[in-house]
Amino acid sequence: MESTLSVKQLSAEVGLSQSRLRYLFVTNCGITIREYKKLSKLQRLIDARMQLVTTTSPLKVIRSDAGYTNDSHFIRDFKLVDELSPAKRRKAAKTPLRS
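Here we summarise the structure given alongside this text.

Conventions we followed
Residue indices follow the written sequence of each chain, beginning from 1 at its first position. Reporting in this predicted model follows two pLDDT cut-offs: at least 70 for local features of residues, and 80 or more for side-chain atom pairs to be given and counted; totals over whole chains, interfaces and linings ignore these cut-offs and use all residues. Only hydrogens and water are set aside; all other atoms, that is, all heavy atoms of the structure, feed into the side-chain values. By definition, any uninterrupted DSSP run of H or I lasting at least four residues is a helix, any uninterrupted run of E lasting at least two residues is a strand, and each is numbered from the N terminus. Atoms considered for the radius of gyration are the C-alpha atoms alone. The globule rule reads 2.2 Å times the number of residues to the power 0.38. To define axes, lines are fitted to C-alpha atoms, for helices over the stretch in contact only, and angles between the resulting N-to-C directions are given on a 0 to 180 degree scale. Should an angle fall under 35 degrees it is called roughly parallel, over 145 degrees roughly antiparallel, and 65 to 115 degrees roughly perpendicular, with every other angle called oblique. Residues count as neighbours in contact if any of their non-hydrogen atoms are within 4.5 Å of one another. Gly falls in the polar group here, along with every residue not listed as nonpolar (Ala, Val, Leu, Ile, Met, Phe, Trp, Tyr, Cys, Pro) or charged (Asp, Glu, Lys, Arg). Counting of polar contacts relies on pairs of N or O atoms within 3.5 Å, with two restrictions inside protein: one atom must be capable of donating a hydrogen and the other of accepting it, and residues adjacent in sequence are counted only when both atoms are side-chain atoms.

1. Some remarks on the overall build of the protein chain
So, step 1. Scanning the protein chain from N- to C-terminus turns up six helices and zero strands.
So, step 2. Its helices and strands in sequence order give the protein chain the pattern α-α-α-α-α-α, from N to C terminus.
So, step 3. Over its C-alpha atoms the protein chain spans a radius of gyration of 17 Å, topping by over 25% the 13 Å that the globule rule assigns to 99 residues.
So, step 4. Taking the principal axes of the C-alpha coordinates as reference, the protein chain spans close to 60 × 25 × 20 Å.

Structure representation (structure tokens):
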């Protein structure tokens, strides 16, 4: 998501120091908070790609479901999982393959 809690905000919310939160996260999850955020973002983009090719949901809905409020950020990040933009990916999915 474009606006997520920082480690500082999250640690304040749960009443732990930032270093303790980071330690507990790695100990219990096996990855750092930064790695988790990256993997979470990647999964949302993969899910968005799947929605684009399997549903008729509007692009704005898919973008929002992926946690984005800004078209350009969504398009830029979408290209991390696909060489095409979201609109071009949807169009390509609708085009039948020619033999």
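2. Describing the packing of helix H3 (residues 33-54) against helix H5 (residues 71-78)
So, step 1. Closest axis-to-axis distance for the H3/H5 pair is 10 Å, and the angle between their directions is 95 degrees. In this view, H3 runs roughly perpendicular relative to H5, as classed from their interaxial angle. Contacts between H3 and H5 involve Lys-41, Leu-45, Ala-48, Arg-49 and Leu-52 from the former and Phe-74, Asp-77 and Phe-78 from the latter.
So, step 2. Broken down by class, the residue content of the contact of H3 with H5 amounts to five nonpolar, no polar and three charged.

3. Things to note about the side chain of Asp-82
So, step 1. On the secondary structure map, Asp-82 appears in the loop between H5 and helix H6 (86-94).
So, step 2. Side chain to side chain, Asp-82 and Arg-89 meet in a polar contact 2.5 Å long.
So, step 3. Every residue in contact with Asp-82, bar those within four places of it in the chain, is listed here: Arg-49 and Arg-89.

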